[in-house]
Each structure stands twice: as C-alpha cells, then as structure tokens.
Amino acid sequence: QVQLVESGGGLVQPGGSLRLSCAASGTIVSIYSMGWYRQAPGKQRELVAVITSGDTTTYADSVKGRFTISRDNAKNTVSLQMNSLKPEDTAVYYCNTAPGPKTSWGQGTQVTVSS
C-alpha cells in the first residue's frame with residue numbers, strides 16, 4: 001500500500017507562512033487528484049485544497065487566496081504553501097487522494113498558529 005509522509009509543520013505567528021510537503025511511496029500523486037486535509041482539535045477532518053491530475057486547483061473558502069497547492073509528479077510529492085496564517089488554521093494537516101482517501105492516512109504534520 002502507498003505510504004504518505006507529511007512534513008513542514010511547526011509553530012508560526014499569525015500572518016506568517018509555512019510550506020508543507022507530502023511524499024508518497026508510489027506513483028499515486030501522478031495518477032489521482034490529491035488533496036490536503038486538516039483536523040483541528042474536536043473537529044472533523046476537512047478537505048482544504050485539491051489539485052487534479054490536470055493541475056486544476058480548488059480551495060475551501062476558508063483558505064482561498066492564502067493557500068496554494070502544487071504537485072511534482074517526478075518526485076511523487078504534493079506541497080501546500082500557506083501564507084497569511086491565522087489562529088484558526090491550527091490543525092494537523094494530512095495529504096491523501098481527493099475528494100476521498102484511497103490509501104491509509106499518514107501521521108500528519110502539526111501546524112500551530114499562535115502569538
């Protein structure tokens with residue numbers, strides 16, 4: 001089964017930026033639409049950004065204009081550039097196929113936005 005490894009999270013002040021990366025063990029990135037999901041404490045996991053195999057991107061309203069998803073098929077990676085971060089962006093971030101997962105979840109990467 002394909003394994004997904006997320007990285008790049010951390011503690012950042014409001015207004016700051018982070019770049020998340022997701023590395024896949026197989027060629028899933030080049031075959032399927034991929035997405036970044038997040039789960040805040042006490043809340044359900046939500047899909048915040050999607051990139052199709054044709055590089056069309058869509059975003060949740062809450063992150064539109066601030067987050068940018070991209071993919072590198074040669075490296076089997078998906079990235080999420082997050083700018084103008086807000087405290088409400090605090091969550092564990094995961095990548096997987098979108099709109100629904102086709103492989104098991106990785107461990108995620110924690111993003112904390114706080115002053």
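Below is a summary of the structure that appears in this document. (Residues numbered from 1 in each chain as written. Predicted model: local features only at pLDDT ≥ 70, side-chain atom pairs only at ≥ 80, totals over all residues. Heavy atoms only, no water.)

## Some remarks on the overall build of the chain
Link 1 in the chain: Helix and strand counts for the chain stand at one helix and 10 strands.
Link 2 in the chain: Traced from its N-terminal end to its C-terminal end, the chain shows the element sequence β-β-β-α-β-β-β-β-β-β-β.
Link 3 in the chain: Its C-alpha radius of gyration of 13 Å places the chain within 12% of the 13 Å reference for a compact globule of 115 residues.
Link 4 in the chain: Overall, the C-alpha framework of the chain stretches about 40 × 25 × 25 Å when taken along its three principal axes.
Link 5 in the chain: Looking at the chain as a whole, 43% of its 115 residues are labelled buried.
Link 6 in the chain: Taking contacts inside the chain between residues at least 6 apart in sequence as the whole, the part at least 24 apart equals 55%.
Link 7 in the chain: Of the roughly 5800 Å² of accessible surface on the chain, 48% is carried by carbon and sulfur atoms.
Link 8 in the chain: Considering the chain, the positive charge centre built from 10 side chains and the negative charge centre built from 7 side chains are found 1 Å apart. (Helix = DSSP H or I, 4+ residues; strand = E, 2+ residues; numbered from the N terminus. Rg over C-alpha atoms; globule rule 2.2 N^0.38 Å. Buried < 20%, exposed > 50% of the residue type's maximum accessible area, 1.4 Å probe, protein only. Contact = heavy atoms within 4.5 Å. Areas by Shrake-Rupley, 256 points an atom, 1.4 Å probe, with all protein chains shown as cover. Lys, Arg positive; Asp, Glu negative; His and termini not counted. Charge placed at Lys NZ, Arg CZ, Asp CG, Glu CD.)

## As for the sheet that holds strand β7 (residues 67-72)
Link 1 in the chain: Read across the sheet, four strands follow the order β1-β3-β8-β7 without closing on themselves; strand pairing throughout is antiparallel. The open sheet has two edge strands with one neighbour each: β1 (4-7) and β7. Taken over all neighbouring pairs, the strand axes of this sheet differ in orientation by 15° on average, direction set aside.
Link 2 in the chain: Relative to strand β8 (residues 77-82), β7 runs antiparallel, the two sharing six bridges. (Pairing = 2+ DSSP bridges. Axes fitted to C-alpha atoms, helices over the stretch in contact; angles between N-to-C directions.)

## Observations regarding the sheet that holds strand β10 (residues 109-113)
Paired through their backbone hydrogen bonds, the strands of a sheet run either parallel or antiparallel.
Link 1 in the chain: As summarised here, the arrangement of the six strands in space is β2-β10-β9-β4-β5-β6, forming an open sheet in which the pairing is mixed. In the strand order of this sheet, the two ends are held by β2 (10-12) and β6 (57-59), each with one partner. Sheet twist, expressed as the mean angle between neighbouring strand axes with direction ignored, is 25°.
Link 2 in the chain: Two elements, strand β9 (residues 91-97) and β10, share three bridges in a ladder whose sense is antiparallel. Paired with Tyr93 across the two strands is Thr109, which belongs to β10.

## Describing the side chain of Thr103
Link 1 in the chain: Mapped onto the elements, Thr103 comes out in the loop between β9 and β10.
Link 2 in the chain: At 3.5 Å, the side chain of Thr103 and the side chain of Gln1 are in polar contact.
Link 3 in the chain: Beyond its immediate stretch of four places on either side in the chain, Thr103 contacts Gln1, Val2, Leu4, Ile28 and Asn96. (Polar contact = N/O pair within 3.5 Å; in protein donor to acceptor, adjacent residues only side chain to side chain.)

## Some thoughts on the packing of aromatic side chains
Link 1 in the chain: As enumerated under the stated definition, the model contains two aromatic pairs in all.
Link 2 in the chain: Their ring planes at 90° and their centres at 4.9 Å tell us that Tyr37 and Trp105 sit as a pair that is edge-to-face. Of this pair, Tyr37 sits in strand β4 (residues 34-39) while Trp105 sits in the loop between β9 and β10, placing them 68 residues apart in sequence.
Link 3 in the chain: Judged by relative accessible area, which is 5%, Tyr37 ranks as buried. (Phe/Tyr/Trp six-rings, centres within 6.5 Å; stacked < 30°, edge-to-face > 60°.)

## So, the nonpolar core
Link 1 in the chain: Residues Trp36, Leu80, Met82 and Tyr93 are the most contacted members of the largest nonpolar core, which totals 27 residues.
Link 2 in the chain: Counting only elements with at least two residues in this core, the list comes to β3 (18-24), α1 (28-31), β4, β5 (46-51), β7, β8, β9 and β10.
Link 3 in the chain: Broken down by element, this core gets its largest block of residues, four residues, from β3.
Link 4 in the chain: Ignoring sequence-local partners within four residues, the contact set of Met82 consists of Gly16, Ser17, Leu18, Leu20, Arg66, Phe67, Tyr93 and Val111. (Core = buried A, V, L, I, M, F, W, Y, C linked by side-chain atoms within 4.5 Å.)

## A short note on the pairing of β7
Within a regular strand, side chains alternate between the sheet's two faces.
Link 1 in the chain: Going residue by residue along β7, you find Phe67, Ile69 and Arg71 tucked away on one face and Thr68, Ser70 and Asp72 left uncovered on the opposite face.
Link 2 in the chain: The antiparallel hairpin formed by β7 and β8 contains four residues in its connecting segment, where Asn76 sits at a positive phi of about 55°.

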